[in-house]
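Now for the letters of each chain:
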Amino acid sequence: MLPRRALLALGGAGLLAGCGFRPLYGPDGERRLPTSDPGVAAELATVRVALMPERFGQVMRRHLQRRLEGSRPGTPSRYILYVATTSEVEPEGFRQDGTATRVRTVMTANWSITTDAIPPTLVDQGRERTLDAFNIPDLQFFAAEASREAMDRRLVEELGDRVVEAVALSLRRRRQATPG
């Protein structure tokens with residue numbers, strides 16, 4: 001006999017299956033992300049990333065290009081992705097003299113995707129956010145700088161992955177809405 005929780009879970013899954021609900025996690029335990037759909041992956045390969053200013057933007061653009069192209073580099077472009085990042089730096093911990101011992105950065109990416117046509121047509125737009133922090137050790141500038149660089153790398157990966165997933169969802173909706 002199944003426990004009551006298992007019966008409730010099975011019943012709830014059965015009800016959700018009837019309304020078109022698709023679980024994020026499949027029966028094999030792997031995530032079903034839109035980027036894993038071969039059709040969406042082919043569409044993502046046609047997205048080019050517009051230039052982004054400053055060093056963080058350059059690193060973010062390179063990460064986005066790698067994620068979007070996947071195993072299909074050199075695919076002709078159909079879309080252009082514009083990403084603008086902003087950051088908020090907040091000191092979190094303080095010493096007795098008032099100097100910060102921990103810094104948190106909240107990074108926001110406002111993105112829009114347009115067709116690569118003249119005139120361009122807006123396909124979708126959105127906003128993604130993530131945060132990370134690092135400690136500032138006493139009298140160890142190199143360690144603090146290494147921690148900040150590691151945080152920047154994590155922010156690029158997390159925020160870039162969120163933007164790619166949002167774009168993939170948008171392109172999947174567009175493919176499903178377009179007949180044939």
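Above: the structure in question.
Here's a quick rundown of the structure. Please read all numbers here as calculations on a predicted model, not as lab measurements. Residues take numbers from 1 onward in each chain, read along the sequence in its written order. Local features are withheld for residues below a pLDDT of 70 in this predicted model, meaning they are given only at 70 or higher, and side-chain atom pairs are given and counted only at 80 or more; totals for whole chains, interfaces and linings count all residues. In computing side-chain values, all of the structure's heavy atoms are included and hydrogens and water are not.

1. Thoughts on the overall build of the protein chain
Helix and strand definitions follow DSSP, with helices as H or I runs of at least four residues and strands as E runs of at least two, each counted in order from the N terminus. Scanning the protein chain from terminus to terminus reveals four helices and four strands. Sequence-ordered secondary structure for the protein chain, helices as α and strands as β, is α-α-β-α-β-β-β-α. By the burial criterion, 31% of the 180 residues in the protein chain qualify as buried. A contact between two residues is defined here by any heavy atoms of the two lying within 4.5 Å. In the protein chain, once contacts between residues fewer than 6 apart in sequence are set aside, the share between residues at least 24 apart is 62%. What sets the accessible areas is the Shrake-Rupley method with a 1.4 Å probe; for residues, cover comes only from the shown protein chains. Counting only carbon and sulfur atoms, one obtains 55% of the accessible surface of the protein chain, whose full area is about 11800 Å². Relative accessibility decides the category of a residue: with a 1.4 Å probe and only protein chains considered, values under 20% of the type maximum give buried, values over 50% give exposed, and everything between is partly exposed.

2. Some details on the nonpolar core
Core analysis: the largest hydrophobic core is formed by 29 residues, its most contacted members being L64, L81 and I113. The set of elements that each furnish at least two residues to this core consists of α2 (38-44), β1 (47-49), α3 (54-69), β2 (79-94), β3 (100-115), β4 (122-135) and α4 (141-177). Once residues within four sequence positions are removed from consideration, L64 is found in contact with V49, M52, L81, V83, G160, V163 and V164. Residues belong to one nonpolar core when they are buried, are Ala, Val, Leu, Ile, Met, Phe, Trp, Tyr or Cys, and are joined through side-chain atoms within 4.5 Å.

3. Thoughts on the sheet that holds β3
One open sheet holds the four strands; their spatial order is β1-β2-β3-β4, and the pairing between them is mixed. The sheet is open, and its two edges are formed by β1 and β4, each paired on a single side. Here the average twist between neighbouring strands, direction ignored, is 25°. One bridge is not enough; two strands pair if DSSP finds at least two bridges between them. Two strands pair when backbone bridges link them, and β2 and β3 are joined in this way by 15 bridges, in the antiparallel orientation. What sits directly across from T86, in β3, is T108. Throughout, an axis means a line fitted to C-alpha atoms (over the contacting stretch in the case of helices), and angles, computed between N-to-C directions, take values from 0 to 180 degrees. Contacts between α3 and the sheet are confined to β1, β2 and β3, with β1 contributing the most and set at about 165° to the helix.

4. As for the pairing of β3
Adjacent in sequence and paired antiparallel, β2 and β3 are bridged by five residues, among which G98 carries a positive phi angle near 95°. For β3 and β4, the ladder comprises 13 bridges, and the chain directions are antiparallel. Among the inter-strand pairings, V106 is bridged to a residue of β4, identified as L131. What sits between the antiparallel neighbours β3 and β4 is a turn of six residues.

5. Section: the pairing of β2
Pairing geometry for β1 and β2, over three bridges, is parallel. Within the sheet, the bridge partner assigned to V47 lies in β2 and is Y79.

6. Structural notes on α3
The length a helix should cover is 1.5 Å for every residue beyond the first. Given a rise of 1.5 Å per residue, 16 residues ought to cover 22 Å, and the 22 Å separating the end C-alpha atoms of α3 matches this to within 8%. Every buried residue belonging to α3 is among F56, G57, M60, H63, L64 and L68, and all of these are buried. Summarising the axial view, the buried residues of α3 lie within an arc of 130°, below the 170-degree limit, and thus occupy one face. In α3, the exposed residues that point more than 90 degrees away from the buried face are R55 and R66. Against the buried residues of α3 lie α2, β1, β2, β3 and α4. Note that the arc is computed from the directions linking the helix axis to the C-beta atoms.

7. A word on unusual backbone geometry
In this structure, P119 follows I118 across a cis peptide bond, with omega equal to -5°. Residue position: P119 is located in the loop between β3 and β4. Positive phi is not limited to glycine here, since E54 has a value of about 65°. Within the fold, E54 resides in helix α3.

Purely geometric stuff here, so don't read any function into it on its own.
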